[in-house]
Amino acid sequence: MSFVSPLFLWYFMPAVLIAVLVCPQRWRNGIIAVASLLFYTIGAGGFVFLLLGCMVVNFLAGPLLAPSPWDVHGVRRRRILIAVVSFDVAVLLVWKYAGFATQQIAAVAHWFGGSVPVASLVVPIGISFFTFHHISYVVDIYRGERPALRNPVSFAAYIAMFPQLVAGPIVRYREIADQLPQLRSHRLDDIAAGFPRFALGLCKKTIIADSLSPLVDACFKVPSDQLTFSTAWLGAIGYTLQLFFDFSGYSDMAIGLGRMLGFRLPENFARPYSSVTITEFWRRWHMSLSRWFRDYVYIPLGGNRRGAAKTYRNLCIVFVLTGFWHGAQWTFLVWGCYHGALLVIERRFGLDLDPSTPWKRYLRRALTMLLVVIGWVFFRSPDLGHALSMLGHMLIPDFDGLGAGVQQAFTNQRLVLLLAALAVFALPPHPVTGPLLESSRSRPATALRIGVMTAGLLYAAILIATGTFSPFLYYQF
C-alpha cells in the first residue's frame, strides 16, 4: 500500500486520522500501532511475523540493557547488546544478502567446475529501516541516553509507525522517545500543520518524479551498444532529478503524516543539490541515514579522533556499508566506495572547506553536482558493465541523437519539467522557491504555497485517479 495509492489516500489515511482525532488521547499510540501493523501486512503479507519477532526480541532486551548498580563494569549489558545487535544484523544479512552471497559463491564454484545452490529469498519490504530502528533503540538504552520502554504498545508505535516504516526517515530512538508518552491536546493544529507538508510531497512525487520515470527508464533500457552521448546524459540528469523528487517527496509525506499523528520526525533533505562539496552533500542528502551511520558506526570506530589514516579508514568503512545497505549489488558497493573516496580526497587536500570567493563557490557547486550525477549512474544501472558503458558515452561526444524509444518518451511536458527543475537547482537558494521545491525548515510565502499546492493537489488527484503513479524508489531498499 503506497502513500500515493487510492486505498491509502481515500480510505486508510482518513480512517486513521479520524480515529486519532475522536478517540481519547491515551489511545493514540495503540491506534498507530494497530494501523501500522495492518499497513505492513497489506504490503508485506506474512513478513509481518518477521517484523513482530524482531520487535519481541528487542523489546524484551531493552530493560536488560539499562545501566544497573548490579553490573558496575557493564559486562552483562555489553554481552546482551552484542547478542541483540548480532541478531538484528543477522536477520538483515540473511533476508537481504543471502541470495547475493550464494550467487558469488556459485560463480566461483562454477569457475572451478563445481556447483553450489543459490538461495532465492524475497526481501521483506522496509527491512533495512526497521533493523536500523531496532539497533538505535537498544544502543541508545545501553548508552543511557534514553530509558527502555515498558509499554509494548508505545514500542510498537515507534518501530512500526507507518509513515516511516518502509522508507524512512530513519528515526533514532533518542529523537522520539520523549514524544511517545506525550498526550497532545491540539490535535487539529497538528493536522493543519502536517497536511501542507504531506501535500507538498504528494505533488513532488506524482507530478515531477512519476512524470520523469518513463523517460529515465527508456534511457537506461537502451542496450550498451546503442547508447549515445545525448541518451546517456539525458538518462543521468533525468534520474538525478527523479530520485530527488521521489525520495524527498516520500520524506515530506512521512514527516507530514507524522506531524498529523502528533510526532515531529527528523528532516531528511536540505537542498542537497545546492552543496558546494561532497562532504556538504552528505550533510544534506538522506540526512537521517548519515546521522545513523555517524552515531552508531563512525564515532564508535573512532571518528576523526585518532589521526588522518584512521579517519580515512572509518570513512571508507561507513561508505562501503552505506552502499551495501542500499542493496545487494556490486553497483551499490561501487557507488558507496566512489563517495567514500571523494570524501577522503576532499579531507586529505582540504577541499571540504567552503570556498572564499563567490565564483569559486559556484564552480565548486557545479563540480559537486557533476560528481553526484556520475555517482547516480552506478546507483541506477542494472550492472557495472552498463554503468561503465553509460559513463563512457557521457565522456565522448557524438552526433547520433536519441533513439526511437527515448524520443517517444521525451515529451514536451517532460522537457519543461527537466528545464524547470534544472533552472531551480542552478540558481542560488531563494527564500521562496527553495523551501517550496526542496525540504527546508524555512517557510515560503503563505499565499504562494497555498496557490501552488491547491493547483498541484488537483492535478495530483487526477493523476492518482487515472492510475498514473508508480511505487516509491526507496521501497526497494
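Residues numbered from 1 in each chain as written. Predicted model: local features only at pLDDT ≥ 70, side-chain atom pairs only at ≥ 80, totals over all residues. Heavy atoms only, no water.

Trainee: Would you take a moment to explain the packing of aromatic side chains for this structure?
Mentor: Aromatic ring pairs are defined here through the distance separating the ring centres and the angle between the ring planes. Enumeration according to the criterion identifies 46 aromatic pairs in this entry. Note on Phe12 and Phe162: the rings are 5.3 Å apart at their centroids and 85° apart in plane angle, and the pair reads as edge-to-face. Of this pair, Phe12 sits in helix H1 (residues 6–22) while Phe162 sits in the loop between helix H6 (152–160) and helix H7 (173–176), and the two are 150 residues apart along the sequence. By relative accessible area, which is 2% here, Phe162 ends up buried. Relative to Phe378, the ring of Tyr338 has its centre 6.4 Å away and its plane inclined at 45°; by these criteria the two rings are tilted. Linking Tyr338 in helix H13 (residues 330–348) with Phe378 in helix H14 (residues 358–380), this pair joins segments that are 40 residues apart in sequence. Across from the ring centre of Phe220, 4.8 Å away, lies the NZ or CZ of Arg380, which sits over that ring. (Phe/Tyr/Trp six-rings, centres within 6.5 Å; stacked < 30°, edge-to-face > 60°. Helix = DSSP H or I, 4+ residues; strand = E, 2+ residues; numbered from the N terminus. Buried < 20%, exposed > 50% of the residue type's maximum accessible area, 1.4 Å probe, protein only. Lys NZ or Arg CZ within 6 Å of the ring centre and 35° of its normal.)

Trainee: Looking at this model, I keep getting lost on the confidence of the model for the chain. Mind explaining?
Mentor: The predicted coordinates ought not to be read in detail in places where the model reports low pLDDT. Averaged over the chain, the pLDDT score is 87; the fraction of residues at 70 or greater is 90%. Below pLDDT 50 for its whole length, residues 430–442 participates in 35 contacts with residues either more than four positions away or in separate chains. (pLDDT = per-residue confidence, 0-100. Contact = heavy atoms within 4.5 Å.)

Trainee: Would you explain the environment of Ser120 in this entry?
Mentor: Structurally, the position occupied by Ser120 is in the loop between helix H4 (75–111) and helix H5 (127–142). For the pair Ser120 and Thr411, spaced 291 residues apart in the sequence, the C-alpha separation amounts to 39 Å.

Trainee: Please clarify how a nonpolar patch on the surface should be interpreted in this entry.
Mentor: Taken together, Leu7, Trp10, Tyr11, Leu38 and Ile42 make up a surface patch of nonpolar side chains, about 540 Å² in accessible area. Sorting the residues of the nonpolar patch by element identifies H1 and helix H2 (28–44) as the ones contributing at least two each. At three residues, the largest contribution of residues to the nonpolar patch is made by H1. Positionally, Ile42 belongs in helix H2. For Ile42, a relative accessible area of 43% puts it in the partly exposed group. (Patch = residues over 30% accessible without salt bridge, like charges linked within 9 Å, V, L, I, M, F, W, Y side chains within 5 Å. Areas by Shrake-Rupley, 256 points an atom, 1.4 Å probe, with all protein chains shown as cover. Salt bridge = Lys/Arg side-chain N within 4 Å of Asp/Glu carboxyl O.)

Trainee: I would appreciate a short explanation of H14 in the present structure.
Mentor: Over its 23 residues, H14 extends 33 Å from the first C-alpha to the last, a length consistent with the 33 Å expected when each residue adds 1.5 Å. Listed as buried for H14 are Arg364, Arg365, Thr368, Met369, Val372, Val373, Gly375, Trp376, Val377, Phe378 and Phe379. (Expected span 1.5 Å × (residues − 1).)

Trainee: Any chance you could explain unusual backbone geometry here in plain terms?
Mentor: Negative phi values dominate among residues other than glycine, just as trans dominates among peptide bonds. The phi torsion at Arg271 lies on the positive side, around 50°, for a residue other than glycine. With respect to the helices and strands, the residue Arg271 is situated in the loop between helix H9 (229–260) and helix H10 (278–284). Its identity is not glycine, yet His286 carries a phi of approximately 40°, on the positive side. For His286, the position within the fold is in the loop between H10 and helix H11 (287–298). The class of His286 is buried, set by a relative accessible area of 0%.

Trainee: Would you explain the side chain of Asn29 in this entry?
Mentor: Following the sequence through the fold, Asn29 ends up in helix H2. At 2.9 Å, the side chain of Asn29 and the backbone oxygen of Leu180 are in polar contact. Aside from chain neighbours lying at most four places away, what touches Asn29 is Val153, Ser154, Ala157, Leu180 and Phe263. (Polar contact = N/O pair within 3.5 Å; in protein donor to acceptor, adjacent residues only side chain to side chain.)

Trainee: How should I be thinking about the nonpolar core in this particular structure?
Mentor: In summary, soluble globular proteins display a tendency toward joint burial of nonpolar side chains. With 135 residues, the main nonpolar core has Phe3, Phe8, Tyr137, Tyr273, Trp285 and Trp376 as its most contacted residues. No other element matches the 15 residues that H9 contributes to this core. (Core = buried A, V, L, I, M, F, W, Y, C linked by side-chain atoms within 4.5 Å.)

Trainee: Explanation requested: the environment of Ala106 in the structure shown.
Mentor: Within the secondary structure layout, Ala106 lies in helix H4. On the basis of relative accessible area, Ala106 is assigned to the buried category, the value being 13%. If near-sequence neighbours (up to four positions away) are discounted, Ala106 is found in contact with Val116 and Val118.

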